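Breakdown of the fold
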Amino acid sequence: MAKVEIYTSDTCHFCHAAKEYFKENNIEYTEHNISKDMEARKTLMKKGYMSVPLIIIDGEEILGFDKDRIKNLLNL
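We now turn to the structure provided with this report. Given the structure is predicted, the values throughout are model-derived calculations rather than measurements. (Residues numbered from 1 in each chain as written. Predicted model: local features only at pLDDT ≥ 70, side-chain atom pairs only at ≥ 80, totals over all residues. Heavy atoms only, no water.)

1. Looking at the pairing of strand S3 (residues 54-57)
Selection rule: For the exposure calls, accessible area comes from a 1.4 Å probe over protein chains only, and a residue counts as buried if that area is under 20% of its type's maximum, exposed if over 50%, partly exposed in between. Each helix corresponds to a stretch of at least 4 residues labelled H or I by DSSP, and each strand to a stretch of at least 2 residues labelled E; elements are numbered beginning at the N terminus. One bridge is not enough; two strands pair if DSSP finds at least two bridges between them.
Neither face of S3 is exposed, since Leu54 and Ile56 on one face and Ile55 and Ile57 on the opposite face are all buried. Pairing between strand S1 (residues 4-8) and S3: 4 bridges, direction antiparallel. When the sheet's bridge partners are listed, Glu5 is paired in S3 with Ile56. Strand direction decides the pairing type here: S3 and strand S4 (residues 60-63), joined by 4 bridges, are antiparallel. By the bridge assignment for S4, Ile57 is matched with Glu60. The loop that links S3 with its antiparallel partner S4 comprises 2 residues; one of these, Asp58, has a positive phi angle of about 45 degrees.

Next comes the structure, spelled out in C-alpha cells:
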C-alpha cells in the first residue's frame, strides 16, 4: 500500500475535497494540519511550499488536488 500524506489547513476547500476523495476510495492517509500544528507548517515551508494541499504519495509531491495524478500514482 502506498504511503499517503496530506498537508492541509482548516479553511482550504481543496484540502477538504482531497480528504473526501481519499475517504470515498478507502485510501489511508496521514494528515498534517498547518492551522493547528506549527511543526507541520515549518516542514511545509522547508519543502518550499506556501500553500496547501500538498499531497505526498510514496515521496512524490503534488501541490493542489490533482485527481488525475493521484489516480495514476495510486493505480486507481
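2. A word on the pattern of salt bridges
Pairs can form between side chains of opposite charge whenever their charged atoms are close. For the record, the criterion: Each reported salt bridge corresponds to a side-chain nitrogen of Lys or Arg within 4 Å of a carboxyl oxygen of Asp or Glu.
The final tally for this structure, using the stated rule, is 6 salt bridges. Lys36 serves as the salt-bridge partner of Asp10, at 3.6 Å between the closest nitrogen and oxygen. Of this pair, Asp10 sits in the loop between S1 and helix H1 (13-24) while Lys36 sits in the loop between strand S2 (30-33) and helix H2 (38-46), and the two are 26 residues apart along the sequence.

3. Quick notes on the state of the cysteines
Note the following rule: When two cysteine sulfur atoms lie within 2.5 Å, the pair is treated as a disulfide.
Counted according to the given criterion, the structure contains 1 disulfide. Across the disulfide from Cys12 sits Cys15; the S-S distance is 2.4 Å. Negative torsions about the S-S bond denote left-handed disulfides, and the value of about 85 degrees found for Cys12 with Cys15 makes this one right-handed.

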